[in-house]
Amino acid sequence: KNQVEQSPQSLIILEGKNCTLQCNYTVSPFSNLRWYKQDTGRGPVSLTIMTFSENTKSNGRYTATLDADTKQSSLHITASQLSDSASYICVVTGGSQGNLIFGKGTKLSVKP
Amino acid sequence: GAGVSQSPSNKVTEKGKDVELRCDPISGHTALYWYRQSLGQGLEFLIYFQGNSAPDKSGLPSDRFSAERTGGSVSTLTIQRTQQEDSAVYLCASSYLPRDSSYNEQFFGPGTRLTVL
């Protein structure tokens, strides 16, 4: 069964600290993996997209990694800011029809 | 240019009533998607339109749900005889490339929050 699992479910950190969010998937065949940021009451916004051949991709203070062998990805946030408080969603494109399979997200709260 | 817009932003209805949710995709985007996001759950795929091809309706949860896309642009998601379990945020997204493209970038609207009393 194609699934995307994210951990932790929620995370609280202090402003200025770093954090890493995890995503494990069992989607096959695999096309790409994306990380989205979803602010409360808003639609998701894309942070990174990685294909099979890409191991890492950065977008400002956000760095995503992908290990296609172990089917794991991580999103590292450096020097967190209050505005980083949001849900971070891992999405894998794959399966027989190129469907998008969404994780349930990690809810990050950055406290002053 | 403008992003994906959805209307209404909030909709409260009584059980058994029909509702229509509207999505205006980004101009020129041939692909359009509808998703549902229930409280504490991940996004659930509902339906996918690509150009003039027959839509992928495999995610629609029941025959009370239907969607159409007129003129390859605006889309309407209709829920008939609404039930309380239909309460959720309904998100629309559009993309320039088809969903199976490696670098397909989906742009989401702000969503419509549906509450069925």
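Structure: above.
Remember, predicted model here, so these are calculated numbers, not experimental data.

S.K.: Help me out: how do you make sense of the pairing of strand β8 (residues 88–95) of chain B in this one?
M.R.: The two faces of the sheet receive side chains in turn, since in a regular strand these alternate between them. Residue and element names in this part refer to chain B. Of all eight residues that make up β8, eight are buried, and the element is covered over most of its length. Burial along β8 is two-sided: the face carrying Ala88, Tyr90, Cys92 and Ser94 and the face carrying Val89, Leu91, Ala93 and Ser95 are both buried. Summarising the sheet, strand β4 (residues 31–37) and β8 pair through seven bridges and their orientation is antiparallel. Paired with Arg36 across the two strands is Tyr90, which belongs to β8.

S.K.: Would you explain the interface of chain B and chain A in this entry?
M.R.: Interface size is commonly expressed as the accessible area that is lost once the parts come together. Tallying the contact residues gives 19 residues for chain B and 23 residues for chain A. Overall, the association of chain B and chain A removes approximately 1600 Å² of surface from exposure, summing both partners, and the carbon and sulfur fraction of that is 48%. Its largest share of buried area at the contact with chain A, chain B owes to B:Arg99, B:Tyr103 and B:Phe108, together 30% of the area lost on that side. Viewed at the interface, chain A and chain B are joined by zero salt bridges. Linking chain B with chain A are two residue pairs in polar contact (both at pLDDT 80 or more), by the criterion used here. Looking at the side of chain B that touches chain A residue by residue, the classes come out as six nonpolar, nine polar and four charged.

S.K.: Explain the side chain of B:Gln37 here, please?
M.R.: Mapped onto the secondary structure, B:Gln37 falls in strand β4. A distance of 3.0 Å separates polar atoms of two side chains, one belonging to B:Gln37 and the other to A:Gln38. When near neighbours in sequence (up to four residues on either side) are disregarded, B:Gln37 contacts A:Gln38, A:Ile89, B:Gly42, B:Leu43, B:Ala88, B:Val89 and B:Leu91.

S.K.: How should I be thinking about the layout of surface pockets in this particular structure?
M.R.: A probe as big as a water molecule, rolled over the atoms, marks out the empty space that is left. Put simply, the largest pocket is a space of about 1300 Å³. Along its surface, the largest pocket is lined by 45 residues, and B:Gln37, B:Ser38, B:Gln41, B:Gly42 and B:Leu43 are the ones closest to its centre. Only β1 (4–7), β9 (86–94), β10 (99–102) and β11 (106–111) of chain A together with β4, β5 (43–50), β8 and β10 (112–116) of chain B provide two or more residues apiece to the lining of the largest pocket. In terms of residue class, the lining of the largest pocket is made up of twelve nonpolar, 24 polar and nine charged. Estimated volume of the second largest pocket: approximately 180 Å³. Lining the second largest pocket are 13 residues, with A:Arg42, A:Gly43, A:Pro44, A:Val45 and B:Phe108 sitting closest to its centre. Among the elements of the structure, β5 (45–51) of chain A together with β9 (107–108) of chain B are those that each provide at least two residues to the lining of the second largest pocket. Its residues assigned to classes, the lining of the second largest pocket shows six nonpolar, four polar and three charged.

About the cut-offs
- Residues numbered from 1 in each chain as written.
- Chains lettered and ligands numbered in written order.
- Predicted model: local features only at pLDDT ≥ 70, side-chain atom pairs only at ≥ 80, totals over all residues.
- Heavy atoms only, no water.
- Buried < 20%, exposed > 50% of the residue type's maximum accessible area, 1.4 Å probe, protein only.
- Helix = DSSP H or I, 4+ residues; strand = E, 2+ residues; numbered from the N terminus.
- Pairing = 2+ DSSP bridges.
- Contact = heavy atoms within 4.5 Å.
- Buried area = accessible area lost by both parts, 1.4 Å probe.
- Salt bridge = Lys/Arg side-chain N within 4 Å of Asp/Glu carboxyl O.
- Polar contact = N/O pair within 3.5 Å; in protein donor to acceptor, adjacent residues only side chain to side chain.
- Nonpolar A, V, L, I, M, F, W, Y, C, P; charged D, E, K, R; others polar.
- 1 Å grid on protein atoms, 1.4 Å probe; cavity = no way out; pocket = protein on both sides within 12 Å on 5 of 7 lines; lining within 4 Å.
- Points joined across faces, edges and corners; volume = space filled by probe spheres on them.

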